[in-house]
Amino acid sequence: KNQVEQSPQSLIILEGKNCTLQCNYTVSPFSNLRWYKQDTGRGPVSLTIMTFSENTKSNGRYTATLDADTKQSSLHITASQLSDSASYICVVRNYGGSQGNLIFGKGTKLSVKP
Amino acid sequence: EAQVTQNPRYLITVTGKKLTVTCSQNMNHEYMSWYRQDPGLGLRQIYYSMNVEVTDKGDVPEGYKVSRKEKRNFPLILESPSPNQTSLYFCASRQGVLGLAGLYEQYFGPGTRLTVT
């Protein structure tokens, strides 16, 4: 069964600290993996998209890694800011069919405290 | 500004009273879709449309209808809403041609919070 599991479910860190969010998936065949940031009550916004051949991708203070062999991805946030407080959603697209499916993780809720 | 808009943003209604949530995009995207988001369940696709007059069911289509008469608009219709359709709804759009790697940017609307009593 195609699944995307994220951990932890929630995380509280102090402003300025780093953190790493995890994503494990069992999606096959794999097409690409993306991380979204979702502020409370808003629509998700894309942070990164990676194909199986990409190991690392950065977007400012956000760095995503992908290990296609172990089917794991991580999102590292450096020098966190209060505005990083949001849910972070890992989404995997499986290849095939007329559209391909997007399989969504349940998200990690990050709270950055001053 | 490239965007997906939804209306209304908030809606409280009663069981059985038909309602429509509108969605519009200004990016000339072929593909549009509707999701619902519930606590602990993540985003689930309701319906999608690959182009005008072409729609198909997603993972949770029961109790919903859609139409795609124009490229920019993709309304979500609840003919007889029930309390289990209380949720946060998102419309999304992207380009239709995917390419080999299926790389595309999917844009989400701001969401519509629906409460059915």
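Because the structure is a prediction, the values reported are computed rather than measured.

Observations concerning the overall build of chain A
- When helices and strands are tallied, chain A shows 0 helices and 11 strands.
- Traced from its N-terminal end to its C-terminal end, chain A shows the element sequence β-β-β-β-β-β-β-β-β-β-β.
- A compact globule built from 114 residues should have a C-alpha radius of gyration of about 13 Å, and chain A, at 14 Å, falls within 12% of that.
- For chain A, the spread of C-alpha atoms along the three principal axes comes to 45 × 30 × 20 Å.
- When contacts within chain A are restricted to residue pairs at least 6 apart in sequence, those whose partners lie at least 24 apart make up 55%.

Observations regarding unusual backbone geometry
Residues and elements named next belong to chain A.
- Each neighbour pair has its own omega, and for Ser7 with Pro8 the value is -10°, a cis peptide bond.
- Along the chain, the position of Pro8 falls in the loop between strand S1 (4–7) and strand S2 (10–14).
- The peptide bond linking Ser28 to Pro29 adopts the cis configuration, its omega dihedral lying at -10°.
- Relative to the elements of secondary structure, Pro29 occurs in the loop between strand S3 (19–25) and strand S4 (30–38).
- Positioned with a positive phi, Lys71 is a non-glycine residue whose angle comes to about 60°.

Side note on the state of the cysteines
- Applying the stated rule across the entire model yields 2 disulfides over all chains.
- For Cys23 of chain A, the disulfide goes to Cys90 of chain A, at an S-S distance of 2.1 Å. Between Cys23 of chain A and Cys90 of chain A, the S-S dihedral sits near -70°, and the bridge is therefore left-handed. With Cys23 of chain A in strand S3 and Cys90 of chain A in strand S9 (residues 86–94), this pair connects stretches of sequence that are 67 residues apart. For the pair shown, Cys23 of chain A and Cys90 of chain A are each scored as buried.
- Across the disulfide from Cys23 of chain B sits Cys91 of chain B; the S-S distance is 1.9 Å. The chirality of the disulfide connecting Cys23 of chain B with Cys91 of chain B is left-handed, given an S-S dihedral of about -75°. In this pair, Cys23 of chain B is assigned in strand S3 (residues 19–25) and Cys91 of chain B in strand S9 (residues 87–94), connecting sequence segments 68 residues apart.

Structural notes on the sheet that holds S3 of chain A
All names here are of chain A.
- Read from one edge to the other, the open sheet built from 5 strands follows the order S1-S3-S8-S7-S6, with strand pairing classed as antiparallel. Of all the strands in the sheet, the pair left with one neighbour each is S1 and strand S6 (56–59). Taken pair by pair, the neighbouring strands of this sheet meet at an average axis angle of 15°, ignoring direction.
- Two strands pair when backbone bridges link them, and strand S7 (residues 62–67) and strand S8 (residues 72–77) are joined in this way by 6 bridges, in the antiparallel orientation. Looking at S8, one finds that Tyr62 is bridged to Ile77.

Quick look at the pairing of S9 of chain B
Residue and element names in this part refer to chain B.
- With 8 of 8 residues buried, S9 is to be regarded as a mostly interior element.
- Both faces of S9 are covered, namely the face carrying Ser87, Tyr89, Cys91 and Ser93 and the face carrying Leu88, Phe90, Ala92 and Arg94.
- Across 7 bridges, strand S4 (residues 31–38) lies against S9 in antiparallel orientation. The partner of Arg36 across the bridge, within S9, is Tyr89.
- Relative to strand S11 (residues 112–116), S9 runs antiparallel, the two sharing 3 bridges. Counterpart to Leu88 in the pairing with S11 is Arg113.
- Bridge count for S9 against strand S10 (residues 107–108) is 2 bridges, and the pairing is antiparallel. If you follow Ser93 over to S10, its bridge partner there is Tyr107.

Remarks on the interface of chain B and chain A
- At the junction of the two partners, chain B supplies 23 residues and chain A supplies 21 residues.
- Overall, the association of chain B and chain A removes approximately 1800 Å² of surface from exposure, summing both partners, and the carbon and sulfur fraction of that is 53%.
- One can count 0 salt bridges joining chain B with chain A.
- There are 3 residue pairs in polar contact (both at pLDDT 80 or more) connecting chain B and chain A.
- Contributions of two or more residues to the side of chain B that touches chain A are made by S4, strand S5 (42–51) and S9 of chain B.
- When grouped by side-chain class, the residues that make up the side of chain B that touches chain A number 14 nonpolar, 6 polar and 3 charged.

What counts and what doesn't
- Residues numbered from 1 in each chain as written.
- Chains lettered and ligands numbered in written order.
- Predicted model: local features only at pLDDT ≥ 70, side-chain atom pairs only at ≥ 80, totals over all residues.
- Heavy atoms only, no water.
- Helix = DSSP H or I, 4+ residues; strand = E, 2+ residues; numbered from the N terminus.
- Rg over C-alpha atoms; globule rule 2.2 N^0.38 Å.
- Contact = heavy atoms within 4.5 Å.
- Disulfide = S-S within 2.5 Å.
- Buried < 20%, exposed > 50% of the residue type's maximum accessible area, 1.4 Å probe, protein only.
- Pairing = 2+ DSSP bridges.
- Axes fitted to C-alpha atoms, helices over the stretch in contact; angles between N-to-C directions.
- Buried area = accessible area lost by both parts, 1.4 Å probe.
- Salt bridge = Lys/Arg side-chain N within 4 Å of Asp/Glu carboxyl O.
- Polar contact = N/O pair within 3.5 Å; in protein donor to acceptor, adjacent residues only side chain to side chain.
- Nonpolar A, V, L, I, M, F, W, Y, C, P; charged D, E, K, R; others polar.

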